[in-house]
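# A closer look at the structure
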Amino acid sequence: MAKAKRTRAVTLIDIAKACKVSRWTVAHALRGGDEVAKDTAERIHATAKRLGYDPSLNAEARSLALRQFGRRASHRLLAVIYPAHIIELPYYSRILRGVFDACTERGYALVVNDVYKATEALGGGGHSFGSLVGSGLIDGLLFYPFNSEYTEEAIARLRAMAGFTDRPVLGLVHGLPSCPAVEIDTVPALRAIVGRALDLGHHRILHLHQSETVAAGVRAELAARGADPDRQLIAQPIGYDWLRPDLAIDRPWADPSPELAGVAELRQLLTGPNRPTVVLAANDSCARQVWSVARSSGLSVPRDLSIVGCDDTDPVPGSDGRNVLASVRLPLEDVGRCAAEWVFARLAGEDVPVPAPRVAAQVLRESLGRAPS
Amino acid sequence: MPGPVTLDDVAARAGVSRWTVAAAMRGRGRVNAETAKRLKQLAAEMGYDPVLTQAGHNLAEARHGRRARHNLVALALPGAAIDLPFYAQMLCGALLTLAEGGSAPVITDLWRVMWDEHELGRGQRFGTALLRGHVDAAIIHPYDQEAVTRLMEGWRQGRFGDRPVVTLLRRMPGLPCVGVDDRAAVIAAARHLLSLGHREVGCLLWDVDAGDLAERLRSRLGPAGFDTSVPLPTHPIPMEWMSPRRAPHRPGEVTAATPQPETEAALVGWLRANPRITALFVPNDAGALYVIAALRRAGLRVPEDLSLIGADATDDYADGGATRFLATIRPDLVGVGAAAARLALAMVAGEPGADVAIASEFLPGRSLGPARS
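Just so it is clear, the structure is predicted and the values come from calculations on it, not from any experiment.

So, how was this worked out
Residues numbered from 1 in each chain as written. Chains lettered and ligands numbered in written order. Predicted model: local features only at pLDDT ≥ 70, side-chain atom pairs only at ≥ 80, totals over all residues. Heavy atoms only, no water. Helix = DSSP H or I, 4+ residues; strand = E, 2+ residues; numbered from the N terminus. Buried < 20%, exposed > 50% of the residue type's maximum accessible area, 1.4 Å probe, protein only. Contact = heavy atoms within 4.5 Å. Core = buried A, V, L, I, M, F, W, Y, C linked by side-chain atoms within 4.5 Å. Expected span 1.5 Å × (residues − 1). Salt bridge = Lys/Arg side-chain N within 4 Å of Asp/Glu carboxyl O. Pairing = 2+ DSSP bridges. Axes fitted to C-alpha atoms, helices over the stretch in contact; angles between N-to-C directions. Phe/Tyr/Trp six-rings, centres within 6.5 Å; stacked < 30°, edge-to-face > 60°. Lys NZ or Arg CZ within 6 Å of the ring centre and 35° of its normal.

## A look at the overall build of chain B
- Across its full length, chain B carries 13 helices and 12 strands.
- Out of the 373 residues in chain B, the part that is buried amounts to 58%.
- For chain B, contacts bridging at least 24 residues in sequence account for 73% of all contacts bridging at least 6.

See below:
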């Protein structure tokens, strides 16, 4: 078998040679500060970039970068606090996939902690995650605040540990009061869908939402299009049980479970006088539940009622097998990837801002049709 | 600079000598029992973890025999597929079980670990120090047996030594495997087919260990009451048809499998040449969904013209009915992940490893109908 070619990371020495300066100069230039003349420092930075210098790839540079977090060299471990019990749902597994891809590219392994276990683990008692953090083996942390109280507590404990202190921490999709996140902006996509619905002749919209910001966005679009939001928009916050794909996974198209609160009210709304002709659901699973209520109320989609999901993770196949549920495609992998890359950049000593919200895109499919005449 | 809490730290806080702390932790030597208790308690409060310091490591190894436990278990999975329900479900089971057992799961991409070993040399990436010296056990999905064998050789020679390795779903020589036992489920499916009047079934096979699959199926059809004196009719199914990412209903996947008129015509031709076949086993759900679409393009209906059964319960096909459409053999993949984690932890604790098989379940669906006369 031919011996595989060994590649090696670009080091400070390579940059020093290319710039014809000493290694000391390169190190100081990359670290910042005023020991190196400004133009020399700029030249060194440019050369480092050109050669593809990646501080996370060699031990010396890593220790240099990590020194600002008061730690020794990186162990190439990124931790994530995640709702492990529902990791199999596409929404969560796709975010994790993005994180994992970024880790794989940069040679990091990922320590995945369940959100409920993590808090416990950081309380001491010799649990491995606590020991890993305590000994400084974890370089950074991402979290999905599935339970914000637990997550907040876990991060507070992490910050209090000498092995972690101020290392980079970032949220996935949702932040916490103490920590920002790479968020997703669904408003432009929803506004586009509202615009499309108006073009298709709909003039009464039911918006089942989880967030006042999103609700305000839909309202603003109606106003911007010359519609009367007070008359034409019914905005209702929706309970968590409506959003759960796991309720639908093994029994798709079952009648909505009787214990699901609000089914009767929804049925009444969808069949009553002055009924909405289009429903914007809080997520795809919610759209499926609404679809199910519509079906059992004798309404056909999209002939009598248009339904739009949000997240594009829970498909509704039509007669040719293709997904017919109009939805908003969330850049979930992108969120995971951006968040991990931000941590890596911070570890490399770069002062990068938290990435801007990732923008979702509308996906128009058959479930959004012409308004019934 | 903070690092792992050492015996010295504990000694300094307690105002005793390092020797006293070491003796107390070891539980030997002339240390007052009361003092020893106090020191142990203090060490626990300070987060002292013996395996994380060299001295402590040696101490722990001396106590536990050859090696200390680190409470880390590596999970090596195909990184490009962890967002697919098939892998995400195994991941889910393993993560929760490891966390329950006090171990932190470290997930890595198997391909990249192997690639790095070849291209970059040892210890370059992936917190390889951790993977080699600090993980107690590894759980791997050996989808490329040859590559995994090579990787294992490397691990065995390195610091990983003879620590336990458990494989998921596929057997590797000398390693315990957590697999699925679909015997009862397939027999149940076959009985169901018999009750619907089916007397001859066919089976689609892909290249990899395909003959084995047909043989296994035949060995289940017999006990169910099928006549197995004639060989099971089989026909190839292209790998592309079986990719869950390309299943026609998968949302957002822009590359839904494009119809392949020639291979589809071959399948339909084979079915017409074998008119006695009234039901078909397909090796996975995504493949079954593709076959349904292909048959429909050829004017054949499921289940009126042909009954169809899938095999992994990861892709449902909600066609608008009130019950499950695609009949399938559902492997308990969360259970597989959990069993692998339990087995790995048991082996770390010194128990012998043995193969485990998790029973699958038959999920009936409307893709099975009465045999056409």
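What follows continues from the structure just given.
## Thoughts on the nonpolar core
- Core analysis: the largest hydrophobic core is formed by 86 residues, its most contacted members being A:Leu78, A:Tyr82, A:Leu110, A:Leu142 and A:Leu172.
- For this core, the leading source of residues is helix α13 (residues 333–348) of chain B, giving 10 residues.
- In this structure, B:Leu205, B:Trp241, B:Met242 and B:Val291 belong to the second largest nonpolar core, which totals 49 residues.

## Side note on unusual backbone geometry
- Backbone torsion omega between A:Val301 and A:Pro302 reads 0 degrees, so that peptide bond is classified as cis.
- The residue A:Pro302 is located in the loop between α14 (284–296) and β10 (306–308) in this model.
- Residue B:Pro303 is reached from B:Val302 by a cis peptide bond, and omega for that bond is 5 degrees.
- Counting through the fold element by element, B:Pro303 comes out in the loop between α12 (285–297) and β9 (307–310).
- Phi at A:Lys20 takes a positive value of approximately 55 degrees, unusual for a residue other than glycine.
- With respect to the element layout, A:Lys20 can be found in the loop between α1 (12–19) and α2 (23–31).

## Examining helix α3 (residues 38–51) of chain A
Residue and element names in this part refer to chain A.
- With 14 residues, α3 extends 20 Å between its outermost C-alpha atoms, agreeing within 8% with the 20 Å of an ideal straight helix rising 1.5 Å per residue.
- At its buried positions, α3 is contacted by α1 and α2.
- After α3 finishes, the residue Gly52 shows a positive phi value of roughly 80 degrees.

## Observations concerning the pattern of salt bridges
- Across all of its chains, the model carries 24 salt bridges over all chains by this definition.
- The shortest N-O distance in the salt bridge between B:Arg171 and B:Asp355 comes to 2.1 Å. Linking B:Arg171 in the loop between β4 (165–168) and β5 (177–181) with B:Asp355 in the loop between α13 and β11 (356–359), this pair joins segments that are 184 residues apart in sequence.
- Taking the relative accessible area as the measure of exposure, B:Asp355 reaches 44% and is therefore partly exposed.
- In the salt-bridge network here, residues are joined through shared partners; they are A:Arg97, A:Asp101, A:Glu105, A:Arg337 and B:Asp83.

## Comments concerning the environment of A:Asp185
All names here are of chain A.
- Following the sequence through the fold, Asp185 ends up in strand β6 (residues 184–185).
- By relative accessible area, Asp185 is classed as partly exposed at 28%.
- Spatially, the C-alpha atom of Asp185 lies 5.7 Å from that of Pro357, the residues being 172 residues apart in sequence.
- Leaving out residues up to four positions away in the same chain, Asp185 has contacts with Pro357, Arg358, Val359 and Ala360.

## Description of the pairing of strand β6 (residues 201–205) of chain B
Residues and elements named next belong to chain B.
- For β6, the buried fraction is high: five of the five residues fall into the buried class.
- What you see with β6 is no split at all: Val201, Cys203 and Leu205 on one side and Gly202 and Leu204 on the other are buried throughout.
- Sheet topology places β6 next to strand β8 (residues 279–281); three bridges connect them, and they run parallel. Bridging from a neighbouring strand, Cys203 pairs with Phe281 of β8.
- Pairing of β6 with strand β7 (residues 234–236) involves three bridges; the strand directions are parallel. Within β7, the position partnered with Leu205 by the bridge is Pro236.

## Regarding the sheet that holds strand β12 (residues 361–363) of chain B
Residues and elements named next belong to chain B.
- Here we have six strands laid out as an open sheet, ordered β7-β6-β8-β9-β10-β12, and mixed in their pairing. The open sheet has two edge strands with one neighbour each: β7 and β12. Taken pair by pair, the neighbouring strands of this sheet meet at an average axis angle of 25 degrees, ignoring direction.
- Along the sheet face, α12 touches β6, β9 and β10 (327–330) and points at about 155 degrees away from the line of β9.

## With respect to the packing of aromatic side chains
- A complete count under the given rule lists nine aromatic pairs over all chains for this structure.
- Relative to A:Tyr144, the ring of A:Tyr91 has its centre 6.1 Å away and its plane inclined at 85 degrees; by these criteria the two rings are edge-to-face. Placement of the pair is A:Tyr91 in helix α5 (residues 90–106) and A:Tyr144 in the loop between β3 (140–143) and α8 (148–160), with a sequence separation of 53 residues. Like A:Tyr91, the residue A:Tyr144 is buried in the burial classification.
- Three or more aromatic residues joined by ring pairs form one cluster here, namely A:Tyr82, A:Tyr91, A:Tyr92, A:Tyr144 and A:Phe146.
- Looking at B:Arg297, its charged tip hangs above the ring of B:Tyr290, at a distance of 5.7 Å from the centre.

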